Amino acid sequence: MSGIHVRTKINGDVVEYVCDGDETLLDVLRNRLGLTGAKEGCSTGDCGACSVTLDGRLTCSCLVLGAEADGAEIGTIEGMAKGEELHPLQRKFLEHAALQCGICTPGILVAAKALLDHNPKPTETEVRFGLAGNLCRCTGYDKIVRAVLDAAQEMRRA
Amino acid sequence: MPLDSTLQSKRDFSVVGTRPLRPDGIDKVTGRARFGADAVAPGMLVGRILRSPHAHARIKKIDTSKAEKLAGVKAIVTRADFPDHTDGDAALYDVLYNVMAREKALYEGHAVAAVAAVDARVAREALKLIKIDYEILPHVTDVDEAMKPGAPLLHSSIFTDGVEPKPKKPSNIVRRYEFGHGDVAAGFKKADIIVERTFKTEATHQGYIEPHACLANASPDGQAELWVCTQGHFMVRDTCARLLGWDISKLRVTASEIGGGFGGKTTVFIEPVALALSRKANRPVKVVMTREEVFKASGPTASTSVDVKIGVTKEGRITAADATLRYQGGAFAGSPVEFGAMSAFACYDLENVRAIGYDVVTNRPKQAAYRAPGAPMAAFAVESVMEELAKKLGLAPIDFRIKNAAREGTHSSYGPTYGPIGLLPTLEKAKQHPHFKAPLGPNQGRGMACGFWFNFGGQTCVSLNLNNDGTAALSVGTPDIGGSRASMCLMAAEELGIPYDKVRAIVADTSSLGYNDVTDGSRTTFATGMATILAARDAIKKLTARAAQIWGIPAEAVTWEKGYAKPAGANAGNFPPMSLAEIAAQAGATGGPIAGHHEYSADGAGVSFATHICDAEVDPETGATKIVRYTVLQDAGKAVHPSYVEGQFQGGAVQGIGWALNEEYIYGKDGRLQNAGFLDYRIPVCSDLPMIDTVILEIPNPGHPYGVRGVGETSIVPPLAAIANAVSAAAGVRLTSLPMSPPKILAALEAHQG
């Protein structure tokens, strides 16, 4: 199969790649670009472990073709910290022990950031629905919800 | 090995019990942590597995000739590549048979061949070119059906063990177990009220978000390396080496970060296949399961059918308790019914008790452990009957349980006599908890339940190396599945008297450390923790000897206090305290590197108890249930890192909520799984749940220097019953079948309203 040339921006950097027509964006990120922070938990858009933003919209990268990302801006977990400085969500996840195994954590952080970008002052219920597309099997979500609410509060103060 | 008297329990902690950030945290919030599927190797091939579409079929012929000719295919393996090296070990033979089907495919999803190819597309194409000639056989997936005479037979070699006389005809019943004491029949004669019920639970999956994944790199000279997400890389090494007939020493296994396991990653599935492919191709091979494969071909838990009968006096004292448990564990022996039968009545102080268990095979994937394997289903049945009895007695359910609760000195239903245990404290604390006094809304009901788990010790080996700057490098052999490296660092720091962040813990590979059992049985913080403490004490002995050498006084004249060597008393000499860092800096001149070690088979894992309270709201129109409030009270012995202890309580409770309300393996008449994906096998999502309130109790375990008990599993034992009791109270009708999905609740409501 002949490859498709794609030009995109990932975490602010221009990235070009050649992918097959049936290759998902998740496969491109993980297998071609070495960005393995997005995880494959189901490949059917049910678990959210592969969450990225595509032109600012929260997206399961397993449901998008690599070719479709041409001209788009992609945000992944690898772009969340700025140098040594963690994003408040990342910091609060650590402080609240909001991860156990950590496999869902990149996707949940991307989803939580997308939520706070649109709604800086979410209620507990809004956080719960904002993260309803991201499965976590370890934590029961309690500490995740607390971490997101705490991060939102801190970000509003800043 | 019992604790010797020098290991008296410590009570005044400096860092144990605090909540520092975990050492692997930044890697995990930045996406850098490397899980099973995140590894690559030069020249790597993609491995994929062909699986049986039939629930039960004889494999008459496998033809790989067309697939072999496809460009890009580098190796194909079938049953012919897995000769039997198991040497009469029946359990290991089952693993071999499960890894790659032999004369028959025993369940839909059973591996029948595998391919290594240059990329995923070629591998997929190659699988389509493999021709298998199947003779389809009758199948059975239900436990009660499988036990009937005339049921389709999986193995002609199973003659039920544990019954006299031993049957002459083969069946699907592998073994009968019996536990208990006293005279159950006499006990029921003394009862004023007896409740007897039958319960069913469906099979559920551990549901870890990370599918099984490994990267094998084997050479024709027998040297091999394996990177794998597993709960036990030493188990993977030993099992793979034995299945493939290799030397254990030649196979080096590295545990990746692990994306959840809950017991499901305590055995091998794809690993021996990946190694066999890699050896044949002489190239590295990565195999990653799809989610569908995880559901169909890893190790879900048992589905069950359980009868419980309990008799009580008018005053509320239990006179007799009897249960018969039937668990199917998939296509091979080993359902967790033994643990189910042992744990069923473990919460109560009983004069007459009996639990009988039947281990049954069916045409389903071979079950693997799932968090307190076997116990939640037994507790669902027993605690449902307890709730019903309390109502009949007119007693508050909590008072009825307090009246009959096991305590120190109770002869347990499964044999041992309990030492200091935490059941009554959890019940008494629950009784005072505001949750019990909170008002209920319309269509809401409250339920409670107790739960028990044994906990485990097991083989453990730890190495603690002191660096010349006074920091410590700790090597453990139990994969860190929920923050255990943080707990290990806390315990090492506590003993050595250095700050938490001066200790770095790693999970060492199988060539760097002695054998360690799997991270299971809630054993890691207990057993690896105790080995860490004892390795640190070993290092301290060496540190004090070095200080004595430097000072020129006898080693016995030096003590260790908060990170410093000190003369034991005025007679020992007048020397200023010497820090760990100062001693370590002189290690080269005083005898070489300083390290502490500990290797043992850990014993004394204290049993664990919990009490859960649940409020559920049932919508009478739709039959849908919402959990509106949930509280977990559990004995942790000593919480080393309380945040991660709470996390275990919360995670177990929520897995229980999924099991109780949504999750089930649904089989069609064709014996095929109908819902092998997260859309149709629905685990709880964030918006389904309330906060999960936790209360940690600390009743020290005398078997651990800090009093630690395992905490990981007990939390999934009470929820099925606590929720069933809440839902039954809300709906006004007793639910006896899990999951309590909306159609089942509606049917129960309609039947009740008649």
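Residues numbered from 1 in each chain as written. Chains lettered and ligands numbered in written order. Predicted model: local features only at pLDDT ≥ 70, side-chain atom pairs only at ≥ 80, totals over all residues.

A. Representation of the overall build of chain A within the structure. The number of helices and strands found in chain A is five helices and five strands. In chain A, the succession of α and β elements from N to C terminus is β-β-α-β-β-β-α-α-α-α. In summary, chain A has a C-alpha radius of gyration of 16 Å against a globular reference of 15 Å for 158 residues, a match within 12%. Relative to its full complement of 158 residues, chain A shows a buried share of 59%. Within chain A, counting contacts between residues at least 6 apart in sequence, those at least 24 apart form 58% of the total. (Helix = DSSP H or I, 4+ residues; strand = E, 2+ residues; numbered from the N terminus. Rg over C-alpha atoms; globule rule 2.2 N^0.38 Å. Buried ≥ 20, exposed ≤ 12 C-beta atoms within 10 Å, placed from the backbone. Contact = placed C-beta atoms within 7 Å.)

B. Representation of unusual backbone geometry. All names here are of chain B. Pro165 follows Glu164 through a cis peptide bond whose omega is -10 degrees. Within the secondary structure layout, Pro165 lies in the loop between helix 5 (143–147) and strand 7 (173–181). If you check the backbone angles, Asn443 has positive phi at about 65 degrees while not being a glycine. With respect to the helices and strands, Asn443 occurs in the loop between helix 14 (434–437) and strand 16 (444–453). Even without being a glycine, Lys562 presents a positive backbone phi close to 45 degrees. Structurally, Lys562 can be placed in the loop between strand 20 (558–561) and strand 21 (564–567).

C. Up close: the confidence of the model for chain B. All names here are of chain B. Looking at chain B, the pLDDT average stands at 97 and 99% of residues meet or exceed 70. Here residues 1–6 is modelled with pLDDT under 50, and outside its nearest four sequence neighbours on either side it reaches seven contacts, counting other chains as well. Interface confidence in the predicted complex, given as ipTM, is 0.98; pTM for the same model is 0.97. (pLDDT = per-residue confidence, 0-100.)

D. Quick peek at the sheet that holds strand 5 (residues 111–117) of chain B. All names here are of chain B. Judged by pairing direction, the sheet is mixed, and its seven strands sit side by side in the order 3-5-1-12-9-10-11 without closing on themselves. Each of the sheet's edge strands pairs with one partner strand only, and the pair in question is strand 3 (73–77) and strand 11 (251–255). Averaged over all pairs of adjacent strands, the angle between strand axes in this sheet comes to 20 degrees, irrespective of strand direction. In terms of strand pairing, strand 1 (residues 45–51) meets strand 12 (residues 285–288) through three bridges, oriented parallel. Following the sheet pairing, Gly47 is matched in strand 12 by Val287. Across the face of the sheet, helix 4 (residues 120–129) comes into contact with strand 1, strand 3 and strand 5 while running at roughly 25 degrees to strand 1. (Pairing = 2+ DSSP bridges. Axes fitted to C-alpha atoms, helices over the stretch in contact; angles between N-to-C directions.)

E. Spotlight on helix 15 (residues 484–496) of chain B. Residues and elements named next belong to chain B. Look at helix 15: 18 Å from first C-alpha to last across 13 residues, which is about the 18 Å you get at 1.5 Å a residue. Counting buried positions along helix 15 yields 13 of 13 residues, so the element is predominantly enclosed. Downstream of helix 15 by a residue or two, Gly497 has a phi angle that is positive, lying close to 80 degrees. (Expected span 1.5 Å × (residues − 1).)

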